[in-house]
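Geometric and topological summary
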Amino acid sequence: MRYKTILLVLSTICLLACNYKHEGKTDIPEQDNIKNKNTQNQSNWMPYSPQKWIDNYLSVQTKDTLVALLWSEKQKRFLDSIPTENIDAISWYQDNEVELVLRLKNIEPLHIRYATSLMYCSILKEQEKTAIAIVPSLAQWSDLNSCWVYEITEGKWNLIKSFDILTSFVLSEGNEKAELTNWLFQKNGQWFYRDYSNYITEQDTDYHLLFEK
């Protein structure tokens, strides 16, 4: 049974590596004058409002609020409505190449492919270092996900660390209230993380410093 679990984890990791991207783009329009194109059956759709995440440090540094929008690469537009449970939402998100777009003033937008919302977002501070940890809700059936840790420098999101987690261990879903139990925590002023994929395969069960010396 354990070997089947390991094979499932490894297979899911391969899918994540192939299908998900974290990158900046500048070739998309601003979120203005969005028109609802999903009019065939309104019972299958519900309004979508962009997520806003407010943090004192982020507001001071960027003079802005982090906003999460949904962009369809296939339709080339921002979405103002999303599927209800009446249809296969996961397949719809994948077929329409939906991406979560994170926007901050004067910062190149960050795109997360096949993500539908922010499950976790937190500012990590350690001495003079500051980073943003993000876990998106993904359009998938698996509980395996990843935590992505970024620094914002020179107007860009720069990935400094990523590690696998189980979303079933994310508590109090939504913005800064969530917690990454067992995978990310602070102790004595230092941040530590553990990678689920290495943990489940027994390759590495230890915690490691997030900010390398």
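Scroll up to find the structure this text is about.
Let me sum up the structure you'll find in this document. A quick note: this is a predicted structure, and the numbers were derived from the prediction, not measured. (Residues numbered from 1 in each chain as written. Predicted model: local features only at pLDDT ≥ 70, side-chain atom pairs only at ≥ 80, totals over all residues. Heavy atoms only, no water.)

**Here we look at the pattern of salt bridges**
Quick reminder of the rule: For this analysis, a salt bridge means a side-chain nitrogen from Lys or Arg found within 4 Å of a carboxyl oxygen belonging to Asp or Glu. The rule is simple: take the accessible area with a 1.4 Å probe, protein chains only, and divide by the maximum for that residue type; under 20% is buried, over 50% is exposed, in between is partly exposed.
Inspection of the entire model under this criterion finds one salt bridge. Here Lys-76 ties to Glu-73 by a salt bridge, and the two come within 2.5 Å at their closest N and O atoms. Overall, Glu-73 belongs to the buried group, its relative accessible area being 17%.

**Structural notes on the packing of aromatic side chains**
The condition that has to hold: Here is the rule: rings of Phe, Tyr and Trp (six-membered ring for Trp) pair when centre to centre is within 6.5 Å. Planes less than 30 degrees apart are stacked, more than 60 are edge-to-face, and the remainder are tilted. Two limits define a charge over a ring: the Lys NZ or Arg CZ must be within 6 Å of the ring centre, and within 35 degrees of the ring normal.
Per the stated rule, a full pass over the model turns up nine aromatic pairs. Between Tyr-150 and Trp-157, the ring centres sit 5.6 Å apart and the planes meet at 90°, which makes this aromatic pair edge-to-face. In this structure, Tyr-150 and Trp-157 share a single accessibility class: buried. Positioned over the ring face of Tyr-199 is Arg-194, at 4.4 Å from the centre of the ring.

**Some remarks on the sheet that holds strand β11 (residues 144-153)**
Heads up, the rule is: Any two strands are treated as partners once DSSP identifies two or more bridges connecting them. Under the scheme used here, helices are H or I runs from DSSP no shorter than 4 residues and strands are E runs no shorter than 2 residues, and both carry numbers assigned from the N terminus. Helix axes use the C-alpha atoms of the stretch in contact, all axes being lines fitted to C-alpha atoms, and the angles between their N-to-C directions lie in the range 0 to 180 degrees.
If you trace the four strands from one edge of the open sheet to the other, you get β9-β10-β11-β12, paired in antiparallel fashion. The sheet terminates laterally at β9 (115-126) and β12 (156-166), the two strands that pair on one side only. Going across the sheet, the axis of each strand differs from the next one's by a mean of 25°, ignoring polarity. Bridge count for β9 against strand β10 (residues 129-138) is 10 bridges, and the pairing is antiparallel. Its bridge partner being in β10, Leu-118 is matched across the sheet by Pro-136.

**Side note on the sheet that holds strand β15 (residues 184-187)**
With antiparallel pairing, the three strands of this open sheet are ordered in space as β15-β16-β17. At either end of the open sheet lies a strand with only one pairing partner, and these are β15 and β17 (208-209). Bridging between strand β16 (residues 190-193) and β17 involves two bridges; their strand directions are antiparallel. Bridge assignment links Phe-192 to a residue of β17, and that residue is Leu-209.

**Remarks on unusual backbone geometry**
For Glu-154, which is not glycine, the phi torsion reads 55° and is therefore positive. The residue Glu-154 is located in the loop between β11 and β12 in this model. A positive phi is found at Asn-188, a non-glycine position, where the angle reads about 50°. Structurally, Asn-188 is set in the loop between β15 and β16. Note on Asn-188: relative accessible area 73%, which makes it exposed.

Fair warning: the whole summary comes from geometry, so function is off the table for now.
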